[in-house]
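Residue strings, one per chain:
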Amino acid sequence: MDIKTNKKGANVDIKKKENVDFFHQVVDCQYACPAHTPVPEYIRLIAQGKYTEAYMINWQSNVFPGILGRTCDRPCEPACRRGRLDDSEEPVAICRLKRVAADNKDEISTLLPDIPKEKNGKRIALIGGGPASLTVARDLAPLGYDITLFDEQTKGGGMIRSQIPSFRLPDEVLDEEVNYVLDMGISTHFNKRVDSLKAVLDDDYDAVFIGTGAPKGRDLDLPGRTEGEANIHIGVEWLANVAFKHTDAIGKKVIVLGGGNTAMDCCRTALRLGGEQVTVTVRSPFATMKASPWEIEDAQHEGIPILDNHVPKEFIIKDGKLTAMRFEKVKAEFDDQGNRSLVPLDEPPVIIECDDVLIAVGQSNSFPWIERDIGIAFNKWDMPKVNRTTFATTLPNVFVGGDAAFGPENVITAVAHGHQAAISIDLHCQGQDIKQRPAPDVTLLSQKMGVHEWSYDSQVSNDDRNIVPLMELQEALKNLNNEVELGFDEKRAISEAARCLNCDMQTVFTEKKCIECDACVDVCPTKVLTMTSKEADEQILRNKLTVPAKNLEQPLYVSGDLATGRVMVKDEDLCLHCGLCAERCPTAAWDLQQFTYNEATACDNLAHKAD
Amino acid sequence: MTYLRPDFRHPDAPTNDLGYTSKDYEGALSTLCAGCGHDSISAALIQACFEMSIEPHQVAKISGIGCSSKTPTYFLGNSHGFNSVHGRMPSVTTGANLANRDLKYVGVSGDGDSASIGLGQFAHVVRRNLNMLYIVENNGCYGLTKGQMSATTDIDSVNKSGMVNEHQPIDLVNLALELGATFVARSFSGDKEQLVPLMKAAMSHRGFAFIDVVSPCVTFNNNAGSKKSYDFVREHNEATSALDFVPMKDEITTTYEQGSSQEVTLHDGSVIHLTKAIKGFDPCDRRAAIKAIKDHNERGEILTGLLYVDTDPTDLHDMYGTSCKPLNSLKEDVLCPGNATLQSINESFR
């Protein structure tokens, strides 16, 4: 980063984009979240037992707190500063704290935004009833839009309903949060598969949003595939059949092919539907499996073996029935360019007996229902060309979001897409330029209350990451609907919330007040402050700090000139936000100021405030 | 109220030869006023002891009374400590040192503790050349009793309420030189680049090492007109030379420019490398040091850095021929050598 662009003057002008960007980046969790949920703010509310407020902050930002609190891919957690403090330190369990807010909140129906009885005259069609579409509906309905939703399933929720097994996400939680949106007066057409976009467009909607996900599970064309058809299932389809109760049993010996989250859901579901010997096989080494580590852990906890470096070669059929699979063992080798190839080992093939096989080797998009001659341009992967900021297609009133836009991602990304698409749809319907994006709502406010007193709990907890208690394994496996994770109780929730470092409490420096007494530099526990001579080259500056700033992803906070001509430099990487620099500053040159950042949505601030 | 230091430290914090990080040399969180110069001196001591890989349990911190004398709580929390009587730190240190010569003694005192109530003790510990580091945290006022002028308040210095000092100040550096101190330096709490190597050299010196550290009282003596404020000291500070301290075990790798630099080798083989700022200044010339200090004083400047060092002094233990071993390690057969030895001693007096 250019040092000149992150100088902080006497009065930080929070209207300046460079300052907003700088402080935004310091709040690692919020920055990493696709929807930019204000994580530290709701964690503090949880610590205070204000679950309803914590829930509503989440609901405004990510629409599905109870769902995400159980199923989110949690990009916030690997980003969490706490995980960098030392080798044994783990990130704050942000995702499961979100669930605490959802599980313990009060009735929130009175807090939801009012839906105008008089509509604004604009009609919106949503194709697909998943998280992206529901987010668009949530953001636009309070503004008076007339919204119609089409989905081929019997209920709303999209892949959240069809792909996530109920032992991870109970139906009640899903129904509750989907209904908060649908109850906003959305006209729903379930069991209605849209076969022609042209037909929808002909109905004179002012805008159409496509949130049809990536519903097509990839197949494996191996010898025996056709003959074994009756016992070979595509993972996503099989999970959907289980979710909608079309399937309630599977053979005793099951092989799941694939190393992603769908494979993990498949194997655990199979275990609950009669599978006794369920095995997961992966082509690649264990370490490069695509599934989230915690989902792999959960599968292993249930005793499911995961065999890596096994490439499937053949479905073995005997007397017209699938009896086993043949695998070739490989090892991963890398060439000079870092490209991986799986090299066969000189070992006999591995034969694994099976009654059923679930193929979970990836998903793809498919748009046979979009006519290619109606003005929507497609790219070389046969996907509609979608703008990454506006989510617009080449047809001005058609927008795409969620997995349908750029391929399979996750729920929180779909929500983020939905927010942006809703902004675009609103601008489009109001005749404004969709490229003019609304700015986030930001504030920067001192948190000093008195001597040694800050508005937040600045003490840094030493607690280890709390483990979510699980239902006893035997009990959990008895019923598909038994939720395995029990969630944090109050004691664990408070302990976990206290582990948050409050990174939104920004250290803001006013060089004109500094008398260069060294007090902040001396007291800083992690030695991230240095007063030193100026350097034009950031790398030189990074190397000469008290502890060299090696994490280049984290910015340096560089002050303007001090009286002696030196500058105050702070390496943001490992700041504990404990506030001791400000405590020990005799002139209040350092101050701890809360930075709030709320991403703009089409329906900002429409929810009612909790008491 | 949350005023607690977190336990986390930087995971890349360096370790010293003992495998310790600087955390192992920290003390309790300071309760002095925010911005107090004394806290910087504590931090410099932590850094010096860490970098010299001194075993914390091989250090004894001894102090008198005053803001300065509170500070041993805030550094070297794993070392021995004795917070003694006002102005009596030298006596207690002398006693401790005679009992156990193996420890490093760090005496911490202030201008009140050393230049007023303890002036007599100060004079005698200097002339005895007790092996210790004696630090005066000199803020030119009585901070603990709300900022009255002290014996080191400079002439014409204005205090916070506008009073002008008309009494002659006691310059402890000159006094120490007059009384025969074998290592004398002055520094500034806001200049760790100078203070840390001075502390290292002082702790390697065998004999009485005195460092007068100008340490602004941020609450009562940091006003305009004060001659011990951060601004005044920064503007009027002239260093004799820039210092590098090279411990005996390390090889000298830096090359220094000829002519403007000087090396002073201490008795243990460690080297103080001086890059001179004042031409011709020789830190081994006591009279020249006294003159240079007075000359600067007349010009209103504060001369800092290493002012005088005697590289081969005779300390109190040498003079008295005391036990080479700490008294607590002596066994009964040594302490009570028997009747024959007693008779021979008595015989020697006849």
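Residues numbered from 1 in each chain as written. Chains lettered and ligands numbered in written order. Predicted model: local features only at pLDDT ≥ 70, side-chain atom pairs only at ≥ 80, totals over all residues. Heavy atoms only, no water.

Going by what an unreviewed UniProt entry lists, chain B is known as 2-oxoacid:ferredoxin oxidoreductase subunit beta and is assigned to Thalassotalea algicola.

Looking at an unreviewed UniProt entry, chain A carries the name dihydrouracil dehydrogenase (NAD(+)), with the source organism given as Thalassotalea algicola. According to UniProt, the comment filed for chain A under the heading Cofactor (unreviewed entry) is "FMN". Its UniProt record gives chain A a comment under Subunit (unreviewed entry), which states: "Heterotetramer of 2 PreA and 2 PreT subunits." (UniProt positions renumbered as here; feature names shortened; annotations may be inferred.)

A count of helices and strands for chain A gives 21 helices and 25 strands. Taken over the C-alpha atoms alone, chain A extends approximately 90 × 65 × 50 Å along its principal axes. Counting over 611 residues, chain A shows a buried share of 59%. The contacts in chain A between residues at least 6 apart in sequence include a share of 72% that link residues at least 24 apart. Accessible surface, chain A: about 25,600 Å² in total, of which carbon and sulfur atoms supply 48%. Considering chain A, the positive charge centre built from 68 side chains and the negative charge centre built from 94 side chains are found 3 Å apart. (Helix = DSSP H or I, 4+ residues; strand = E, 2+ residues; numbered from the N terminus. Buried < 20%, exposed > 50% of the residue type's maximum accessible area, 1.4 Å probe, protein only. Contact = heavy atoms within 4.5 Å. Areas by Shrake-Rupley, 256 points an atom, 1.4 Å probe, with all protein chains shown as cover. Lys, Arg positive; Asp, Glu negative; His and termini not counted. Charge placed at Lys NZ, Arg CZ, Asp CG, Glu CD.)

So, on to the sheet that holds strand 21 (residues 505-509) of chain A. Residues and elements named next belong to chain A. Within the open sheet, the 3 strands sit side by side as 18-25-21. Their pairing is antiparallel. Of all strands in the sheet, those with a lone pairing partner are strand 18 (441-446) and strand 21, marking the two edges. Within this sheet the neighbouring strands show an average axis-to-axis angle of 35°, counted without direction. Bridging between strand 21 and strand 25 (residues 590-598) involves 5 bridges; their strand directions are antiparallel. Of the residues in strand 25, the one forming a bridge with F509 is W590. Helix 1 (residues 17-26) rests against strand 18, strand 21 and strand 25 of the sheet, and its axis sits at about 95° to strand 25. (Pairing = 2+ DSSP bridges. Axes fitted to C-alpha atoms, helices over the stretch in contact; angles between N-to-C directions.)

Our next topic: the pattern of salt bridges. Residue and element names in this part refer to chain A. Scanning the entire structure with this criterion turns up 55 salt bridges over all chains. D103 is paired through a salt bridge with R70; the nearest N and O atoms lie 2.9 Å apart. Taken together, the residues D103 in helix 7 (residues 94-104) and R70 in helix 5 (residues 65-71) connect sequence positions 33 residues apart. Since its relative accessible area comes to 6%, R70 is described here as buried. Here D489 and R492 are joined by a salt bridge, their closest N and O atoms 3.2 Å apart. Using a relative accessible area of 38% as the deciding quantity, one classes D489 as partly exposed. (Salt bridge = Lys/Arg side-chain N within 4 Å of Asp/Glu carboxyl O.)

Moving on, we get to helix 8 (residues 131-140) of chain A. Every α-helix winds through 3.6 residues per turn, so residues three or four apart in the chain are directed the same way. With 10 of 10 residues buried, helix 8 of chain A is to be regarded as a mostly interior element. Listing the buried residues of helix 8 of chain A in full gives A:P131, A:A132, A:S133, A:L134, A:T135, A:V136, A:A137, A:R138, A:D139 and A:L140.

All right, on to the nonpolar core then. Residues A:L197, A:V208 and A:I210 are the most contacted members of the largest nonpolar core, which totals 146 residues. Per-element accounting of this core gives the leading share, 11 residues, to helix 16 (residues 411-429) of chain A. Those residues in contact with A:L197, other than ones at most four positions away along the chain, are A:I127, A:V208, A:I210, A:W369, A:I370, A:E371, A:I374, A:I376 and A:V398. With 37 residues, the next largest nonpolar core counts B:Y25, B:A44, B:I46 and B:L266 among its residues. (Core = buried A, V, L, I, M, F, W, Y, C linked by side-chain atoms within 4.5 Å.)

Here we come to the side chain of A:R81. Residues and elements named next belong to chain A. Structurally, the position occupied by R81 is in the loop between helix 6 (76-79) and helix 7. A distance of 3.0 Å separates the side chain of R81 from the side chain of Q554, its partner in a polar contact. Not counting the four nearest positions on each side in its chain, R81 is found in contact with V26, D28, L501, C503, Q554, E572, D573, L574, C575 and H577. (Polar contact = N/O pair within 3.5 Å; in protein donor to acceptor, adjacent residues only side chain to side chain.)

This paragraph deals with the sheet that holds strand 3 (residues 104-110) of chain B. Residue and element names in this part refer to chain B. Strand order in this open sheet of 8 strands is 2-1-3-4-8-7-13-9, and the pairing throughout is mixed. Since the sheet does not close on itself, it has two edges, and those belong to strand 2 (80-83) and strand 9 (237-239), each with one partner. Mean inter-strand twist for the sheet, computed between neighbouring axes without regard to direction, equals 20°. Across 5 bridges, the pairing between strand 1 (residues 59-63) and strand 3 is parallel. From the neighbouring strand, A60 faces strand 3, where its bridge partner is Y105. Together, strand 3, strand 4 (132-138), strand 7 (183-188), strand 8 (208-214), strand 9 and strand 13 (302-309) form the strand contacts of helix 7 (residues 192-204), whose direction differs from that of strand 7 by roughly 160°. In the packing of helix 9 (residues 286-298) onto the sheet, the strands contacted are strand 7, strand 9 and strand 13, and the crossing angle to strand 13 comes to about 175°.

Another point: the packing of aromatic side chains. All names here are of chain A. The tally for this structure, following the rule as stated, stands at 17 aromatic pairs over all chains. Each ring, one from F595 and one from Y597, has its centre 6.2 Å from the other, and the planes form 40°; the classification is tilted. One aromatic cluster is present, formed by F22, F23, F509, Y557, W590, F595 and Y597 through successive ring pairs. Taking the ring centre of F167 as reference, the NZ or CZ of R272 above it sits at 3.8 Å. The ring of F378 has R372 sitting right over it, with the charged end atom 3.8 Å from the ring centre. (Phe/Tyr/Trp six-rings, centres within 6.5 Å; stacked < 30°, edge-to-face > 60°. Lys NZ or Arg CZ within 6 Å of the ring centre and 35° of its normal.)

Before going further, it helps to spend a moment on the environment of A:C575. Residues and elements named next belong to chain A. Here C575 shows up in the loop between strand 24 (567-571) and helix 21 (580-583). When its relative accessible area of 6% is taken as the criterion, C575 is described as buried. For the pair C575 and L85, spaced 490 residues apart in sequence, the C-alpha to C-alpha distance is 9.2 Å. Aside from chain neighbours lying at most four places away, what touches C575 is R81, T507, T526, V528 and K570.

All names here are of chain A. Between helix 8 and helix 16, whose axes approach to 7 Å, the crossing angle comes to 40°. The pairing of helix 8 with helix 16 is recorded here as oblique in orientation. Along this stretch, helix 8 crosses helix 16, giving a crossing that reads as right-handed. Residue-level inspection shows P131, A132, T135, V136, R138, D139 and L140 of helix 8 in contact with helix 16, the latter providing V411, A414, V415, G418, H419, A421, A422, I425 and D426. Counted by class, the contact of helix 8 with helix 16 contains 10 nonpolar, 3 polar and 3 charged residues. (Parallel < 35°, antiparallel > 145°, perpendicular 65-115°, else oblique. Left-handed = near helix turned anticlockwise from the far one by under 90°. Nonpolar A, V, L, I, M, F, W, Y, C, P; charged D, E, K, R; others polar.)

Counting residues at the interface gives 37 residues for chain A, matched by 27 residues for chain B. Note on chain A versus chain B: buried area summed over both sides is about 2,700 Å², and carbon and sulfur give 59% of it. When the area that chain A buries against chain B is broken down by residue, the three leading residues are A:H452, A:D522 and A:R584, summing to 22%. Our count for the chain A to chain B interface comes out at 3 salt bridges. As a salt-bridge pair, B:K192 and A:D518 come within 2.9 Å of each other at their nearest N and O atoms. One can count 12 residue pairs in polar contact (both at pLDDT 80 or more) joining chain A with chain B. Looking at the side of chain A that touches chain B, the elements with two or more residues in it are strand 20 (453-454), helix 19 (519-523) and helix 21 of chain A. Residue contributions to the side of chain A that touches chain B peak at 3 residues, all from helix 19 of chain A. Of the residues assigned to the side of chain A that touches chain B, the class counts are 16 nonpolar, 7 polar and 14 charged. (Buried area = accessible area lost by both parts, 1.4 Å probe.)

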